[in-house]
Amino acid sequence: MNRFVKLTAAAVAALGMIGAVAAQDMPYAGVTIDIVTFTGPQIAEPLQRHAPDFAAATGATVNVVTVPFADLYQSILTDQATGTNSYEGFVFAPQWMVDYVVPGYLADISDWVAASEELAWDDISPFFRDFSSTFNGRTYTIPFDGDFQMVYYRADVLEAAGLQPPRTWDEYVAVAEAINGVDMNGDGEGDYGSCIGKARAEQGYWFITSIAAGALQTQGTGQGGFFDNETFEPLINNAAFIRALELYQATNAFGPPDELNIGVGDTRSLFSAGRCGLTLDWGDIGALSVDPEQSQVRDLVGAVVSPGWTEVLDRATGELVACDETLCPYAIDGVNYAPFSAFGGWSGGVSAAADPVAQQATFDFFAYVSAPAQSNVDVTIGRTGFNPYRVSQFTDQSNWIANGYSEEFAANYLGAIEASLNSPNMMLDLRVPNNQRYQGVVLDEVLSQFLAGEYTAAEAAQVISDRWNEISDELGRDVQQAAYLSALGAE
Amino acid sequence: MLKRLTTSQSPFRPSPLRLFFSYIVLGFWSIVVLFPLYWLLVTAFKSPIDVSSGPKYIPWVDFTPSLYAWNEIVVSTGVTFVTRPYSNTLIVGLVSSLLALIIGTCAAYALTRFEYRPKPAVIGMFILCIIGGLIVMAAGVPPIIAIGSAVILFIVLANTIGKRFKGTMNNGDITFWLISQRMLPTVAVIIPIYVLYQQLSLLDTRTALIITYTTVSLPLVIWFMRDYIANIPLELEESAFIDGASRYLVLWRIILPLAVPGLIATFLIVLVFNWNEYVLALFLTRAESQTMPLLIAAQNATRGPQWWNISLLVLMMIAPLIFLAILLERYIAKGLLVGAVKG
Amino acid sequence: MTPTQSGGSGGVIYAEQDMSFRARLSRSLERSSPNVLLLPAIVLVLFLSIFPLIVSLLLSFSRFQFVAGGYSIRYIGFANYIKLFSGSEQRKFLGAFDAPSIIALVMGAAALTIIAIMLVQYVRSNRFSPVGLVMRLVAIAFTLALVWLCMITLSGDGLPGTLVVTLIFVFVGVSAQYLIGLGLALLVTQNIPGKRFFRVTFLLPMMITPVGIGFLFRMMMDTINGPISPIWKLLGLADFSWVDTAFGARTAVIIADTWQWTPFMFIILLAALESVPREIVEAALVDGANKWKNFRHIILPQIMPVSFTLIMIRTIEAFKIVDMPQILTRGGPGTATESMTLYAYNQWRALDLGMSAAIAYLLLIVVTFVAMVYVRILRKRVVVD
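Residues numbered from 1 in each chain as written. Chains lettered and ligands numbered in written order. Predicted model: local features only at pLDDT ≥ 70, side-chain atom pairs only at ≥ 80, totals over all residues. Heavy atoms only, no water.

K.L.:
Would you mind showing me how to read the overall build of chain C here?
P.N.:
Helix and strand content of chain C: 18 helices and four strands. When each of the 385 residues of chain C is scored for burial, the buried share is 55%. Looking at chain C alone, contacts between residues at least 24 apart form 68% of all its contacts between residues at least 6 apart. Total accessible area computed for chain C in this model is approximately 16,800 Å², and 69% of it derives from carbon and sulfur atoms. (Helix = DSSP H or I, 4+ residues; strand = E, 2+ residues; numbered from the N terminus. Buried < 20%, exposed > 50% of the residue type's maximum accessible area, 1.4 Å probe, protein only. Contact = heavy atoms within 4.5 Å. Areas by Shrake-Rupley, 256 points an atom, 1.4 Å probe, with all protein chains shown as cover.)

In structure tokens, the structure reads:
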């Protein structure tokens, strides 16, 4: 009911605004913009919901076109590359940006962003503003969503066992072991210490990156954690990544029996059904855990920033060494955290091939959806896939509590997100051309082979490293390295 | 007594004991078939929490039926969310199956009644002309002109140089070639087909799907119908020819009525393939012409598989096919004579 | 076409000049009816298969990249194929090798013996010709290579690559479907009450889209929330998972595939069995043939041609298996259930279009080879028998 009130209030506010503008000329009368995103309500629903208000205010007709999630990346690319140009706007994961920016498919919107008051660009968290939505110092996308991974835990289970939430990955495994087999949903049967969706062709490669991140990147976001900035040698075949692989594998023993074939969707429903003590996930768990249709763990969930490492990689030797002030300048209590912005949060980009008026209209629509008035309500609705990314979304908790979050959970959840977002050592996604081949094919496949016992950790690291180098050589090492550094803003 | 149990009076009326074991096996397989379908049915009426908290079997006993999935699919995302892909599946499935049936039956009839003697050399020339056309196209000539001139060049060559070659192939070779098209892995041809339709501005149209499905169904239709038509006695046609009927009239008035069971059975099987096709639709459609299998696959997005939605959509998809199968069941057994002809 | 050319005598010329346009049209239509009837099918197939096949072949020798303003295709020779056979993709395509085990060696020796016997028979027969011998030697070399590959990847520490996995899916799956389908058809063909019910029921799985079946079997195979999980718990296998081990995952894929395609076998075999003339069976029974002999000598020869065609259709289709492993196991664990089509599809998704085309081409070669050998060898023995 609360949600309904909020929506109505937002609609009334929007209508009021429209009333104010209606007297002026409609700037986009007769303009139609097609925006593509994936099938499913998470992103399409808020876009569709805001389209009529925008149309009433500006005269532009907004069509939201959806394609299956797994094919969104290729759909946009093939559409643009073959010159079909069916869409004016794309809502996609900013990790793909490099493949769209390099061939010139996305319009540079830096000036518009700077000029737009409605968008309140400064209210957007610095990571999304300065890294996630930019390439080579220019802005190409507007964020709608803040994505990065955190660890969620069952506060009641940990409390009963006298345990603290994990601060490092070693502690994560120890906690998982300690609570594995405890009955967590009251059905009399033992439940699982840790649930991580390890299936192939799902999210496995993001999880391993999340685990390794704290050991690989220590000098702030601009350092990057995938390649050596000088030699462009992958940061894979070293003691830190091998240790991360071993920890990842160690969690198998405390997970559901078919953990190797479940994805994040399954672990989310397991966690919401109260069958898991710990899980590594994006922000969605927060919204799901308060949804009465889906959750049996309301108010029993806690969240912490993704765990870190007390020993980190020495890039010169490839060995793990203990943190000190020069090696880990951003460490907190001796633990180096590097929250991984896996996926980067759904963002809107404007097609460079659209005609100028349509480009402007698309930009204005994205700015309207991302504006605090709309976005601050959307991020609190579990049905949308939008997670918080604006400073104002943390300072004011009333929207959250109105949507069913308890005060305690809102503070805890938002606190964990804020801690991640404020971290100067947040780790950016891999952004080089064809990053799908590095991660979606090679890393994902070898990781799965490693978990299935086909490789040892050291062998797996060697194979991934060799094949990444092979891809870099095929695609041009210089080109790849330049793109990598551009995305980090290091040039 | 034992003897009466194990023997039967007629070979077609099984003995009681045999009947008993037959029912056990048939019953077991019926459960194997029906239980997963039952599971789909109940899952379509579950809310997410009923799916994720252990197996629940019987509505009103184990769980309270919920219209969660119905709300999700039919109400909250707007009714066109499901009606558009559904009508696409309906139109594309029916039209392409019918077209394949018409074109394929004509070809099957022709292959059983006429002698063809194509020359491999002429076919080689055709392929060379197409390659030439492609190279010219790659050099920047518009596709229509390139393909058009390649075809003209081929016709000229075939009627001049082509006539000098001797080696020929026969109907069996043509049939084998047509049927072997079924061997092509879709991924091997999909990229060029995509570019082709893009050049013709047919991407994301039902027309593109209909043309493609018709083509990939042809081998099956020809395969089934060739054997069926070959079994229809020639004498029936011959008497019609004596009365002065044309080939087409004979096909229409004599062959088709006799082939009705075969046509229905073939239609049903081809329809099932086209109705459920996924990979081609995935590549060739965007929003306008998406079909149901894509919508089902799309239910596995960032929040994991939406089991309730998937179940409901699958049920929606099979309902008309089950209805057709029950309606046309008696034709199916009569209509399939695949391989009845040797060779 | 002028009347003079087609007409035989003056009388005919006049007659034809008097003919209306319609009559002339129908006459020329009649004369060209062989072409009119066959050409639409030929043209469609040419349009959508030959042309794309040529383009794909070119693509498999190139590297595809998106660049500013479109895409570039660069010729790289056999690099994609070399990578598959001896480069970084070898392990995935062919598998990891180990010395063949005793069982593998025995099986290999058996295969070799059969081939040798067939070859000797051929050389002695009156069908012998030098070209035929060369063709057969090529086929034998290809077969032995595949057998050897299966031997060294399936024993010891070896791991089968996508090629061998595909072969396993095809041979195990199609055999299971045929045998179950035949068994059910034999039972249903009896004159028993409820026949119609079974006939319709057994047909149902075929009508579900493979994507749907993939999801359905993920629910069925789920040992936590799946409907069969209580049975597993009862058996003390609560921690069992289908998809933890390569063997279990492959079994799961084959079970789902068999569930879907047994109906296809069933319905066509049923049609074949029901068309066996009753008198033949009756006569055989009167003669006192026992049941097995009755089946072996009377029914089996009647359904052999159908079986031949049917197995051929299913084998060809089964080589293209993709939806089932993709949704059920996503090719995992590791690469245990990745079929060649899924492999090509994954490469396509990573935009390595050249590699994708190369894999698809290799699959085409294997399918064509298996189909040719099947047609040449088995049909002669089975059908003409």
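And the narrative resumes.
K.L.:
Would you mind going over the interface of chain C and chain B with me for this structure?
P.N.:
Interface size is commonly expressed as the accessible surface area that is lost when the partners come together. With 101 residues of chain C in contact, the opposing surface of chain B contributes 104 residues. Summed over both sides, the interface between chain C and chain B buries roughly 9,500 Å², with carbon and sulfur atoms accounting for 79% of that surface. The interface formed by chain C and chain B contains zero salt bridges. Looking at the side of chain C that touches chain B, the element that brings in the most residues is helix α4 (residues 33–60) of chain C, giving 23 residues. The residue inventory of the side of chain C that touches chain B, partitioned by class, reads 71 nonpolar, 18 polar and 12 charged. (Buried area = accessible area lost by both parts, 1.4 Å probe. Salt bridge = Lys/Arg side-chain N within 4 Å of Asp/Glu carboxyl O. Nonpolar A, V, L, I, M, F, W, Y, C, P; charged D, E, K, R; others polar.)

K.L.:
Just to check I follow, could you spell out the state of the cysteines for this structure?
P.N.:
Covalently bonding the sulfur atom of one cysteine to the sulfur atom of another cysteine gives a disulfide. Residue and element names in this part refer to chain A. Across all of its chains, the model carries two disulfides over all chains by this definition. In this model, Cys 195 is linked to Cys 276 through a disulfide, with the two sulfur atoms separated by 2.0 Å. Judged by the torsion about the S-S bond (-90°), the Cys 195/Cys 276 disulfide is left-handed. You can see Cys 195 sitting in strand β8 (residues 192–195) and its partner Cys 276 sitting in strand β9 (residues 276–281), a full 81 residues away along the chain. Cys 276 matches Cys 195 in its accessibility class, with the two residues each being buried. In this model Cys 323 forms its disulfide with Cys 328; the gap between the sulfur atoms is 2.0 Å. Torsion about the S-S bond of the Cys 323 and Cys 328 cystine: about -90°, corresponding to left-handed handedness. Taking relative accessible area as the criterion, Cys 328 reaches 4% and is therefore assigned buried. (Disulfide = S-S within 2.5 Å.)

K.L.:
Looking at this model, I keep getting lost on the pattern of salt bridges. Mind explaining?
P.N.:
Proximity of charged atoms lets side chains of opposite charge pair with each other. Summed over the entire model, instances satisfying the criterion amount to 34 salt bridges over all chains. Ionic pairing is found between Arg 138 of chain A and Asp 108 of chain A, a salt bridge with its closest N-O pair at 2.7 Å. With Arg 138 of chain A in strand β5 (residues 138–139) and Asp 108 of chain A in the loop between α4 (97–101) and α5 (110–115), this residue pair connects regions lying 30 residues apart in the sequence. Close ionic contact of Arg 167 of chain A with Glu 171 of chain A constitutes a salt bridge, the shortest N to O distance being 3.6 Å. Here Arg 167 of chain A falls in the partly exposed class, since its relative accessible area comes to 36%. Residue class for Glu 171 of chain A comes out partly exposed when judged on its relative accessible area of 27%. A network of salt bridges, in which partner residues are shared, links Arg 200, Glu 445 and Arg 467 of chain A together with Glu 89, Lys 92 and Glu 338 of chain C.

K.L.:
Would you mind going over a nonpolar patch on the surface with me for this structure?
P.N.:
All names here are of chain B. Side chains of Leu 17, Phe 20, Phe 21, Ile 24 and Val 25 sit close together on the surface and give an oily, nonpolar patch of about 460 Å² of accessible area. Note that Phe 21 resides in helix α2 (residues 16–43). Classification of Phe 21 as partly exposed rests on a relative accessible area of 49%. (Patch = residues over 30% accessible without salt bridge, like charges linked within 9 Å, V, L, I, M, F, W, Y side chains within 5 Å.)

K.L.:
What is the right way to look at the sheet that holds strand β13 (residues 347–350) of chain A in this model?
P.N.:
What links the strands of a sheet is backbone hydrogen bonding, and the strands pair in either a parallel or an antiparallel sense. Residues and elements named next belong to chain A. Judged by pairing direction, the sheet is mixed, and its five strands sit side by side in the order β2-β1-β3-β13-β6 without closing on themselves. Whereas interior strands pair on both sides, the edge strands pair on one side only; in this sheet they are β2 (61–67) and β6 (141–143). Going across the sheet, the axis of each strand differs from the next one's by a mean of 25°, ignoring polarity. Pairing of strand β3 (residues 89–92) with β13 involves four bridges; the strand directions are antiparallel. Within β13, the residue paired with Gly 89 across the bridge is Val 350. The sheet strands contacting helix α3 (residues 72–81) are β1 (32–38), β2 and β3, and the helix crosses β3 at an angle near 155°. (Pairing = 2+ DSSP bridges. Axes fitted to C-alpha atoms, helices over the stretch in contact; angles between N-to-C directions.)

K.L.:
Quick question: what am I supposed to make of the confidence of the model for chain C here?
P.N.:
Predicted coordinates in regions of low pLDDT should not be interpreted in detail. All names here are of chain C. Overall, the prediction assigns chain C a mean pLDDT of 82, with 89% of residues at 70 or greater. By mean pLDDT, helix α1 (residues 3–6) is the weakest element of chain C at 34, and helix α9 (residues 162–189) is the strongest at 92. Per-residue pLDDT stays below 50 along residues 1–16; that stretch engages in 10 contacts with residues further than four places along the chain or on separate chains. Under the prediction, the complex receives an ipTM of 0.84, its pTM being 0.86. (pLDDT = per-residue confidence, 0-100.)

K.L.:
Is there a simple way to explain the packing of aromatic side chains in this structure?
P.N.:
For any pair of aromatic rings, geometry is given as the distance between the ring centres together with the angle between the planes. Under the counting rule described, the total for this entry stands at 59 aromatic pairs over all chains. Centroid distance Phe 232 of chain A to Tyr 484 of chain A: 5.9 Å. Interplanar angle 65°. Geometry classified as edge-to-face. Note that Phe 232 of chain A is positioned in the loop between α9 (204–216) and α10 (239–250) and Tyr 484 of chain A in helix α20 (residues 477–488), a separation of 252 residues in sequence. Comparing Phe 232 of chain A with Tyr 484 of chain A shows no difference in burial state: the two are buried. Aromatic side chains Tyr 86 of chain B and Trp 275 of chain B sit 6.4 Å apart centroid to centroid with 90° between the ring planes, which places their arrangement in the edge-to-face category. (Phe/Tyr/Trp six-rings, centres within 6.5 Å; stacked < 30°, edge-to-face > 60°.)

K.L.:
Mind showing me how you'd approach helix α17 (residues 340–349) of chain C here?
P.N.:
Think of an α-helix as turning once every 3.6 residues; residues three or four places apart then point the same way. All names here are of chain C. Burial analysis of α17 places nine of its 10 residues in the buried class, which makes it a mostly covered element. Burial in α17 covers these residues: Met 340, Thr 341, Leu 342, Tyr 343, Ala 344, Tyr 345, Asn 346, Gln 347 and Trp 348. Backbone geometry just downstream of α17 places Leu 351 in the positive-phi region, at approximately 65°.

K.L.:
What am I meant to see in the interface of chain C and chain A here?
P.N.:
Listed as interface residues are 44 residues of chain C and, on the opposing side, 40 residues of chain A. Taken together, the links from chain C to chain A amount to eight salt bridges. Between Arg 91 of chain C and Glu 454 of chain A there is a salt bridge, with its nearest N and O atoms 3.6 Å apart. Looking at the side of chain C that touches chain A, the elements that each hand over two or more residues are β1 (62–67), β2 (70–75), α6 (90–93) and α17 of chain C.

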